[in-house]
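Here is what each chain is made of, one letter per residue.
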Amino acid sequence: MRNSWWGVLFLVVIGGLIYLLDAVLMPFIAGMILAYLADPLANRFQRWGMNRPLAVSSVFLVLLIVLVVSLLILIPLLVQQLKQLGEAIPGIFTWVESTLAPQVQVWTGYDLTAELTNARETLVENWRDAGGYLAQALGQIGRSGMAFASWITYVALIPVVTFYLLLDWNRLLTNIGNLVPRQWTSDTFRLARRCDEVLSSFLRGQLLVMMCLGIIYAVGLTLMGLNFGLLIGVVSGLVSIVPFLGFIVGLIIAVVVALFQFGTWWGVVGVIAVFSVGQIAESVVLQPKLLGDKIGLHPVAVIFAVLAGGSLFGLTGVLLALPVAAVILVLLKEVKIRYQDSELYNDRRTKILEDSSSHYDERGHHDERESP
């Protein structure tokens, strides 16, 4: 009982420190998550004959190449398409009011005109407010040079922290394992392996699935000539952090753009074909190869964890949300298993009922041969 209270006190102290050191902890937690994600790649380089420092340096070289390629190719295209989207929004509203809304009214009897007017007014108002907020934020940054310098310092610390944590990752895990009380070693290591399975299946597997789906959607929509195809594909891939949500959001947006651009149902058929290919690839190739049969985090748990973490601890809470949710999931499963093995669940009366049921044959009649 005393050990349980020590555990509760430890969790309270950790939660208090996270709350008080929110901004300071951000680069360290981000670096820890990145080191956890990159550790399998570093281990693979080690198996190829590299020592640990060279393996970690190779990982950073790969990440640097990916970042540079993204900045040189992907970012300018996304910025261009965002600019084109801003210029096309008035025309999209006009097309919806003049073409889509009357057709929807014919099909369903529902008039979209009033809602579209309100949506346009809200968009214009928020667009102006967004400009004002941006100017205010830039002015605040200019007046508070110290805060801006601190923010830049925190961001610059992330790769440094990631490098040193990744360099000593195996040694760090060993040292933490040596601090666990010997009577808890078996249960702690077993639960830690389960937490690693849940986290790896989500953080590593789901992130790779998101990236692959984003590429499939972006390339497919761009090849069929759809405007903003790259932007829609990237957004769909990012939203795919919640399974099927990226498919639904991307399909709706792409169908509306296809109707506006092509004006025929053949464009809609092409969009559906692209997203169908993505779903088939996810079900047949991506999920089995990248996730396997591991049980990751439930989509509802992901949404709740991110929102709750952000509300309680800000950006640090968002970074900690998924690892903490994975640990809680594993602990809840452990509590369920122990509860089902306890005397509270397996009452002696249940044992008596099970023994008495054995006196009945398969047809439900009492076996007279066993009666006294």
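Residues numbered from 1 in each chain as written. Predicted model: local features only at pLDDT ≥ 70, side-chain atom pairs only at ≥ 80, totals over all residues. Heavy atoms only, no water.

A. Broad picture of the overall build of the chain. The helix and strand inventory of the chain stands at 12 helices and zero strands. When its helices and strands are written in sequence order, the chain yields α-α-α-α-α-α-α-α-α-α-α-α. Across the 372 residues in the chain, those meeting the buried criterion constitute 27%. Taking the intrachain contacts of the chain between residues at least 6 apart in sequence as the baseline, contacts between residues at least 24 apart amount to 70%. On the chain, roughly 24,700 Å² of surface is accessible, and the fraction owed to carbon and sulfur atoms is 70%. (Helix = DSSP H or I, 4+ residues; strand = E, 2+ residues; numbered from the N terminus. Buried < 20%, exposed > 50% of the residue type's maximum accessible area, 1.4 Å probe, protein only. Contact = heavy atoms within 4.5 Å. Areas by Shrake-Rupley, 256 points an atom, 1.4 Å probe, with all protein chains shown as cover.)

B. Region of interest: the confidence of the model for the chain. Taken over all residues, the pLDDT of the chain has a mean of 76, while the share at 70 or more is 75%. Within the chain, helix H12 (residues 348-357) has the poorest average pLDDT of any element, 54, and helix H8 (residues 229-239) the best, 88. Here residues 128-134 is modelled with pLDDT under 50, and outside its nearest four sequence neighbours on either side it reaches zero contacts, counting other chains as well. (pLDDT = per-residue confidence, 0-100.)

C. Spatial organisation of the side chain of serine 240. Residue position: serine 240 is located in the loop between H8 and helix H9 (245-262). When its relative accessible area of 4% is taken as the criterion, serine 240 is described as buried. Residues in contact with serine 240, not counting those within four places in the same chain, are Gln206, Met210, Leu213, Gly246 and Phe247.

D. Focus on the environment of leucine 157. You can see leucine 157 is positioned in helix H5 (residues 145-167). Leucine 157 gets classed as partly exposed once you look at its relative accessible area, which sits at 30%. Sequence separation of leucine 157 and phenylalanine 28 is 129 residues, and the distance between their C-alpha atoms is 7.9 Å.

E. Inspection of the pattern of salt bridges at higher detail. For the structure shown, the criterion picks out seven salt bridges. As a salt-bridge pair, arginine 194 and glutamate 334 come within 3.4 Å of each other at their nearest N and O atoms. Taken together, the residues span a long stretch of sequence, with arginine 194 in helix H7 (residues 185-223) and glutamate 334 in helix H11 (residues 299-340) at a distance of 140 residues. Overall, glutamate 334 belongs to the buried group, its relative accessible area being 8%. (Salt bridge = Lys/Arg side-chain N within 4 Å of Asp/Glu carboxyl O.)

F. Here's a closer look at the packing of H7 against H8. Orientation of H7 relative to H8, taken along the N-to-C sense of each, is 160 degrees, at an axis distance of 7 Å. Viewed along their axes, H7 and H8 adopt a mutual orientation that is roughly antiparallel. Seen along the crossing, H7 lies across H8 with a hand that is right-handed. Contacts between H7 and H8 involve Met210, Gly214, Tyr217, Ala218, Leu221 and Thr222 on the former and, on the latter, Gly229, Leu230, Ile232, Gly233, Ser236, Gly237 and Leu238. Grouping the constituent residues of the contact of H7 with H8 by class yields seven nonpolar, six polar and no charged. (Axes fitted to C-alpha atoms, helices over the stretch in contact; angles between N-to-C directions. Parallel < 35°, antiparallel > 145°, perpendicular 65-115°, else oblique. Left-handed = near helix turned anticlockwise from the far one by under 90°. Nonpolar A, V, L, I, M, F, W, Y, C, P; charged D, E, K, R; others polar.)

G. Region of interest: the packing of H7 against H11. Their axes nearest at 10 Å, the elements H7 and H11 cross at an angle of 130 degrees. Considering their axes alone, H7 and H11 lie oblique with respect to each other. For the pair H7 and H11, the crossing hand works out as right-handed. The residues of H11 that touch H7, namely those facing Asp187, Arg190, Leu191, Arg194, Cys195, Val198, Leu199, Phe202 and Leu203, are Val302, Leu322, Pro323, Ala326, Val327, Leu329, Val330, Leu331, Glu334, Ile337 and Arg338. Each residue belonging to the contact of H7 with H11 can be placed in one class, and the counts come to 15 nonpolar, no polar and five charged.

H. Structural context of the nonpolar core. Core analysis: the biggest nonpolar cluster contains 25 residues, and Leu221, Leu226, Phe228, Ile232, Ala254, Val271 and Phe275 have the highest contact counts within it. Mapped by element, the contributors of at least two residues to this core are helix H3 (52-108), H7, H8, H9 and helix H10 (265-291). If we ignore the near neighbours within four places in the chain, the residues touching alanine 254 are Leu221, Leu226, Ile232, Val271 and Phe275. (Core = buried A, V, L, I, M, F, W, Y, C linked by side-chain atoms within 4.5 Å.)

I. Geometry of H7. Its 39 residues place the ends of H7 55 Å apart at the C-alpha level, agreeing with the 57 Å of an ideal helix rising 1.5 Å per residue. In H7, a bend of some 30 degrees at serine 200 exceeds every other bend along the element. Positioned one or two residues after H7, glycine 225 has a phi angle of 80 degrees, which is positive. (Expected span 1.5 Å × (residues − 1). Bend = angle between axes of the 7 residues up to and from the residue.)

J. Structural detail: the packing of aromatic side chains. Following the criterion strictly, the structure yields six aromatic pairs and no others. Plain terms: the ring middles of tyrosine 36 and tryptophan 169 are 6.5 Å apart, the flat faces sit at 55 degrees to each other, and that makes the pair tilted. A residue pair is termed long-range when its members are at least 10 positions apart, and tyrosine 36 in helix H2 (residues 22-47) and tryptophan 169 in helix H6 (residues 169-179) qualify at 133 residues. The class for tyrosine 36 is buried, based on a relative accessible area of 14%. Owing to a relative accessible area of 9%, tryptophan 169 belongs among the buried residues under this scheme. Considering the side-chain rings of phenylalanine 60 and phenylalanine 163, the 5.5 Å spacing of their centres and the 75 degrees angle between planes classify their relative orientation as edge-to-face. With phenylalanine 60 in helix H3 and phenylalanine 163 in helix H5, this residue pair connects regions lying 103 residues apart in the sequence. Classification of phenylalanine 60 by relative accessible area gives partly exposed; the value is 23%. Through a chain of ring-to-ring contacts, three or more aromatic side chains come together here, namely Phe60, Phe163 and Tyr164. (Phe/Tyr/Trp six-rings, centres within 6.5 Å; stacked < 30°, edge-to-face > 60°.)

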